[in-house]
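Observations on the three-dimensional arrangement
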Amino acid sequence: MNTIGVMALLANLVCLLLLARHRKDNLNMSSVWLCSRNDIIANISVLVAAGLVLPDLAVGLLLTFVFAKSAGKVLSQSWRALA
């Protein structure tokens, strides 16, 4: 599980680096960048949870907070774009 987790983290890091210069281009690129960032946070959380044997509930709550915050940002940008 750790091997696949590290491989997924590296792949997501490459994607995030490729998207970094385009994250301010438009709403779609900003959203894709946020999703890639969230994937990295999720990868790191899984690796930390596996390494420290943290309860799944704590990791799940942390990820829920991060994803909800990102979704709120995308929604607010969308509403501004519609206005």
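Use the structure listed above.
Let me sum up the structure you'll find in this document. Values in this document were obtained by computation on a predicted structure and should not be read as measured data.

**Observations regarding the overall build of the chain**
In terms of helices and strands, the chain carries 3 helices and 0 strands. Order of helices (α) and strands (β) in the chain, N terminus to C terminus: α-α-α. Taking all 83 residues of the chain together, 27% fall into the buried category. In the chain, once contacts between residues fewer than 6 apart in sequence are set aside, the share between residues at least 24 apart is 61%. For the chain, the computed accessible surface area is about 5900 Å², with 72% contributed by carbon and sulfur atoms.

**Here we look at helix H2 (residues 27-52)**
Compared with the 38 Å implied by 1.5 Å per residue over 26 residues, the 37 Å span of H2 between its first and last C-alpha is a close match. The N-capping residue of H2, defined by a side-chain oxygen 3.0 Å from the backbone nitrogen of Asn-28, is Asn-26. At the exit of H2 stands Val-53, carrying a positive phi of roughly 55°.

**With respect to helix H3 (residues 56-82)**
Compared with the 39 Å implied by 1.5 Å per residue over 27 residues, the 38 Å span of H3 between its first and last C-alpha is a close match. What H3 keeps buried is the set Val-59, Leu-63, Val-66, Ser-70, Val-74 and Gln-77.

**Quick word on the packing of H2 against H3**
Contact geometry of H2 with H3 gives a least axis separation of 10 Å together with a crossing angle of 175°. On the basis of their axis angle, the class for H2 and H3 is roughly antiparallel. Residues Leu-27, Ser-30, Ser-31, Leu-34, Arg-37, Asn-38, Ile-41, Ala-42, Ser-45 and Ala-49 of H2 pack against Val-59, Leu-62, Leu-63, Val-66, Phe-67, Ser-70, Lys-73, Val-74, Gln-77 and Ser-78 of H3.

**Remarks on the packing of aromatic side chains**
According to the stated counting rule, one finds 0 aromatic pairs in the structure shown. Sitting above the plane of the Trp-33 ring, Arg-23 keeps its charged end 4.4 Å from the centroid.

**Focus: the nonpolar core**
Leu-9, Leu-16, Leu-19, Trp-33, Leu-34, Ile-40, Leu-47 and Val-74 together form the largest nonpolar core, which totals 8 residues. Contributing elements (two or more residues each) for this core: helix H1 (2-20) and H2. Counting residues per element, this core draws most heavily on H2, at 4 residues. Residues within four places of Leu-16 in sequence aside, it is in contact with Trp-33, Ser-36, Arg-37 and Ile-40.

**Observations regarding a positive patch on the surface**
There is a patch of like positive charges on the surface, built from Arg-23, Lys-24, Lys-69 and Lys-73. Relative to the helices and strands, Lys-24 resides in the loop between H1 and H2.

Scoring rules and cut-offs
- Residues numbered from 1 in each chain as written.
- Predicted model: local features only at pLDDT ≥ 70, side-chain atom pairs only at ≥ 80, totals over all residues.
- Heavy atoms only, no water.
- Helix = DSSP H or I, 4+ residues; strand = E, 2+ residues; numbered from the N terminus.
- Buried < 20%, exposed > 50% of the residue type's maximum accessible area, 1.4 Å probe, protein only.
- Contact = heavy atoms within 4.5 Å.
- Areas by Shrake-Rupley, 256 points an atom, 1.4 Å probe, with all protein chains shown as cover.
- Expected span 1.5 Å × (residues − 1).
- Polar contact = N/O pair within 3.5 Å; in protein donor to acceptor, adjacent residues only side chain to side chain.
- Axes fitted to C-alpha atoms, helices over the stretch in contact; angles between N-to-C directions.
- Parallel < 35°, antiparallel > 145°, perpendicular 65-115°, else oblique.
- Phe/Tyr/Trp six-rings, centres within 6.5 Å; stacked < 30°, edge-to-face > 60°.
- Lys NZ or Arg CZ within 6 Å of the ring centre and 35° of its normal.
- Core = buried A, V, L, I, M, F, W, Y, C linked by side-chain atoms within 4.5 Å.
- Patch = residues over 30% accessible without salt bridge, like charges linked within 9 Å, V, L, I, M, F, W, Y side chains within 5 Å.
- Salt bridge = Lys/Arg side-chain N within 4 Å of Asp/Glu carboxyl O.
- Lys, Arg positive; Asp, Glu negative; His and termini not counted.
- Charge placed at Lys NZ, Arg CZ, Asp CG, Glu CD.

Don't take any of this as a statement about function, it's just geometry.
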